[in-house]
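Take a look at the letters that make up each chain.
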Amino acid sequence: MELIVRNNPSEVIINILDSSRAKQVKENRTNIKPIIEAIAVCGKQDLPLRGHRDSGHLVVENSENTNEGNFRELLRYRALGDTNLKNVLEGPGLRNKYISSISQNAIIDSFNNVLLRKIVSRVNKAKCFTILADETADISGIEQVSLCARYVDLEKMIIREDFLQFVPTSDLTGKGLAKLILDNLNLFGIETAFMRGQGYDGAATMSGKFNDVKAYVNQSHLLAMFVHCAAHSFNLVVSKSCSIQSIRNCLGTVEKAHNFFVYPKRKNILSQCIDSSEQEIHAKSLKRSCATRWIEGFHSIHDFIELIDCVIESLELNTPEDYFRISIFIPFLDIFISEIKCRFIDHKTTLSGFCSLFSEITTSSIKDFYELIHLYDKDLIDHNKDVLISELKLWIRKINSLPTIPKNAMESLSICNDMYPNIFKLLQILATLPVSTATAERSFSTLKRIKTYLRNSMSEKRLNGLAMLSIHRDLNCQTDEIIDELAKKKRKLDFII
């Protein structure tokens, strides 16, 4: 040993230093893990991290009743049973604890980067996706565009619609929003060459004819087929069908009843009547009807019927049923069916080519199939029409031989094996095409829970990090991954060797 030290003193010193540094790195990683886990809990449960007094030294057994926020209280509670964490939090130094608001932002941003990379990796692996987008104003008046991706998870053979990020914007023109969508997809690392669909609501800026988002996106991505949000279309159908005078008057009466009982004194009288009723009543108050969200209108009518004391007898007709059927129900159905045919004709035209994958071989279906393979020629393995027609015939023969014919694209994908590679790709594209923008709408609920009146100055990075933690709480994210991401920038403590 003495001979080795004499011959290679520098190498021995380096090894000693490396060993000491490795030990320090391991200790640093151990110390920061509870802090990262506390932030993860707050993020996944939509809990605000900061409090009225959340800076300075953290005393574990604090006798003062000050509100230091959920994050510091979680650490304090955990440190009561964790001696190592207690020593770290109460140890010397203030800037090496990683519990300040700046350190919180760095850890939250690391969560955001790790989760986004995992989602982007799945989207790129599918090699076929649809972009879903919608916008809303947050509590501070900033227009937030929610970007989501719809794709087929080829490992689990399920359709996923994953939230990507909130992106602020001040340009709400079709060109501005299209540029925002494409630029951010490239920034996230998503291969836009595989974009095969666009899903927006029915606003003129998003889905008009000339200067809308879809038109500008199609200039550079011709195969990104636009599909109008079916949920919005159906909502417009129901709203239009309620233009019958009797129904319109009824909804107006329900709305006036709600407005009448909205005042505290009147609402209290209604509550007393509900409590003293001998009937089993679930509704506790009248709900406001909304012209643009029909589900809210449904709940308002449902509660109104449950709370009403008596039903007005029919006027001059034999029975109330006759009056309802002739004057209201039949006219409503006529308008409803007419609107369904009118508003969903675009969906039928868009998907007509894909119908050839499920119908009998006819001259018309062959023609539709030719148009389909011509449109998606770049996505197919074979480009010979005869080969593709033969594969289609084999596929139709296969599904006809099954005891139960597949009802949708995902059921078809599950039985489509390597013998039908081109059919598989077409079915994947069909499954990827958007149905609604409900995922983007749901992300707005998370936005409202995170960026509240008391947290209206939150930065965009912090907002996106907390949104990703909340929305993707089921996505496995190891603490070591966050530490590695955190260590990519220069820190006061070493987390990697």
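Residues numbered from 1 in each chain as written. Predicted model: local features only at pLDDT ≥ 70, side-chain atom pairs only at ≥ 80, totals over all residues. Heavy atoms only, no water.

Draft legend 1. Region of interest: the overall build of the chain. In terms of helices and strands, the chain carries 21 helices and 5 strands. Sorting the 497 residues of the chain into buried and exposed places 42% on the buried side. When the accessible area of the chain is evaluated, it comes to approximately 28,500 Å², of which 56% is carbon and sulfur surface. (Helix = DSSP H or I, 4+ residues; strand = E, 2+ residues; numbered from the N terminus. Buried < 20%, exposed > 50% of the residue type's maximum accessible area, 1.4 Å probe, protein only. Areas by Shrake-Rupley, 256 points an atom, 1.4 Å probe, with all protein chains shown as cover.)

Draft legend 2. How the structure looks around the pairing of strand E3 (residues 158-169). Across 11 bridges, strand E2 (residues 143-153) lies against E3 in antiparallel orientation. Opposite Asp153, over in E3, you have Ile158 as the bridge partner. (Pairing = 2+ DSSP bridges.)

Draft legend 3. Representation of the packing of aromatic side chains. Evaluated as defined, the whole model comprises 4 aromatic pairs. Ring geometry for Tyr200 and Phe226: centres 5.8 Å apart, planes at 25°, overall stacked. You can see Tyr200 sitting in strand E4 (residues 195-200) and its partner Phe226 sitting in strand E5 (residues 225-228), a full 26 residues away along the chain. With relative accessibility at 0%, the residue Tyr200 sits in the buried group. You can call Phe226 buried: its relative accessible area is 17%. (Phe/Tyr/Trp six-rings, centres within 6.5 Å; stacked < 30°, edge-to-face > 60°.)

Draft legend 4. Layout of unusual backbone geometry. Positive phi, normally seen in glycine, also occurs at Asp46, with a value near 60°. Summarising the element assignment, Asp46 is placed in the loop between helix H2 (9-44) and helix H3 (69-79). Taking the relative accessible area as the measure of exposure, Asp46 reaches 16% and is therefore buried.

Draft legend 5. Region of the structure containing the side chain of Asn112. Mapped onto the elements, Asn112 comes out in helix H5 (residues 101-126). When its relative accessible area of 5% is taken as the criterion, Asn112 is described as buried.

Draft legend 6. Quick peek at the confidence of the model for the chain. With 82% of its residues at a pLDDT of 70 or more, the chain has an overall mean of 82. Counted against residues more than four places away or in other chains, residues 1-6, with its pLDDT under 50, gives 1 contact. Here residues 310-318 scores under 50 on pLDDT; set against residues more than four positions off or in separate chains, the count is 5 contacts. (pLDDT = per-residue confidence, 0-100. Contact = heavy atoms within 4.5 Å.)

Draft legend 7. Region of the structure containing a nonpolar patch on the surface. Together, Phe329, Ile330, Leu333 and Ile337 give the surface a local cluster of nonpolar side chains, amounting to about 320 Å² of exposed area. Within the secondary structure, Phe329 is located in helix H13 (residues 320-343). (Patch = residues over 30% accessible without salt bridge, like charges linked within 9 Å, V, L, I, M, F, W, Y side chains within 5 Å. Salt bridge = Lys/Arg side-chain N within 4 Å of Asp/Glu carboxyl O.)

Draft legend 8. Spatial organisation of the sheet that holds E3. Here 5 strands make up an open sheet; going across it, the order is E3-E2-E1-E4-E5 and the pairing mixed. Only two strands of the sheet have a single partner each, and these edge strands are E3 and E5. Pairwise comparison of adjacent strand axes, ignoring direction, gives a mean angle of 25° for this sheet. In terms of strand pairing, E4 meets E5 through 4 bridges, oriented parallel. (Axes fitted to C-alpha atoms, helices over the stretch in contact; angles between N-to-C directions.)

Draft legend 9. Helix H16 (residues 385-401), seen in detail. If you check H16, its first and last C-alpha atoms are 24 Å apart, about what 17 residues at 1.5 Å a residue would give, namely 24 Å. Those residues of H16 that sit buried are Leu388, Ile389, Glu391, Leu392, Trp395, Ile396 and Ile399. End-on, the buried residues of H16 take up no more than an arc of 160°, which puts them together on one face. What points out from H16, more than 90 degrees from its buried face, is the exposed set Asp386, Arg397 and Ser401. Between the side-chain oxygen at the start of H16 and the backbone nitrogen of Asp386 there is a gap of 2.8 Å, and the oxygen is on Asn384. (Expected span 1.5 Å × (residues − 1). Arc of directions from axis to C-beta. Polar contact = N/O pair within 3.5 Å; in protein donor to acceptor, adjacent residues only side chain to side chain.)

Draft legend 10. Quick look at helix H6 (residues 174-188). Helix length check: H6 (15 residues) gives 21 Å between terminal C-alpha atoms against 21 Å at 1.5 Å per residue, within 8%. The first or second residue beyond H6 is Gly189, which carries a positive phi of 100°.

Draft legend 11. Quick peek at the nonpolar core. Formed by 72 residues in total, the largest nonpolar core has its most connected members in Phe111, Leu147, Leu164 and Ile181. Tallying contributions element by element places H5 first for this core, with 11 residues. Once residues within four sequence positions are removed from consideration, Leu164 is found in contact with Leu116, Ile119, Leu147, Cys148, Ala149, Leu185, Phe188, Ile190 and Met468. Within the second largest apolar cluster, 30 residues are counted, among which are Phe369, Leu388, Ile389 and Ile396. (Core = buried A, V, L, I, M, F, W, Y, C linked by side-chain atoms within 4.5 Å.)

Draft legend 12. Focus on the packing of H5 against helix H20 (residues 460-471). Between H5 and H20, the least distance of the axes is 8 Å, while the angle of their chain directions is 55°. By the angle between their directions, the pair H5 and H20 is classed as oblique. For H5 against H20, the interelement crossing comes out left-handed. In this structure, H5 uses Ser101, Gln104, Asn105, Ile108, Asp109, Phe111, Asn112, Leu115, Leu116 and Ile119 to contact H20, whose residues at the interface are Lys461, Arg462, Asn464, Gly465, Leu466, Met468 and Leu469. For the contact of H5 with H20, a count of residues per class yields 8 nonpolar, 6 polar and 3 charged. (Parallel < 35°, antiparallel > 145°, perpendicular 65-115°, else oblique. Left-handed = near helix turned anticlockwise from the far one by under 90°. Nonpolar A, V, L, I, M, F, W, Y, C, P; charged D, E, K, R; others polar.)

Draft legend 13. Broad picture of the side chain of Gln104. Examined against the element boundaries, Gln104 turns out to sit in helix H5. Classification of Gln104 as buried rests on a relative accessible area of 2%. Among the polar contacts listed, one links the side chain of Gln104 to the backbone oxygen of Ile99, at a separation of 3.2 Å. Setting aside chain neighbours within four positions, we find Gln104 in contact with Ile39, Leu49, Arg50, Phe71, Ile99 and Arg462.

Draft legend 14. Inspection of the environment of Gly91 at higher detail. As for its placement among the helices and strands, Gly91 is situated in the loop between helix H4 (83-90) and H5. The class of Gly91 is buried, set by a relative accessible area of 14%. For the pair Gly91 and Leu58, spaced 33 residues apart in the sequence, the C-alpha separation amounts to 9.6 Å.

Draft legend 15. Structural detail: the pattern of salt bridges. Summed over all chains, the structure comprises 20 salt bridges. The shortest N-O distance in the salt bridge between Asp484 and Arg29 comes to 3.1 Å. With a gap of 455 residues between them, Asp484 in helix H21 (residues 479-486) and Arg29 in helix H2 connect regions that are remote in the sequence. Overall, Asp484 belongs to the partly exposed group, its relative accessible area being 36%. Look at Arg29 and you get buried, because its relative accessible area is 15%. Each of Arg29, Lys33, Asp480 and Asp484 takes part in one network of salt bridges that share partners.

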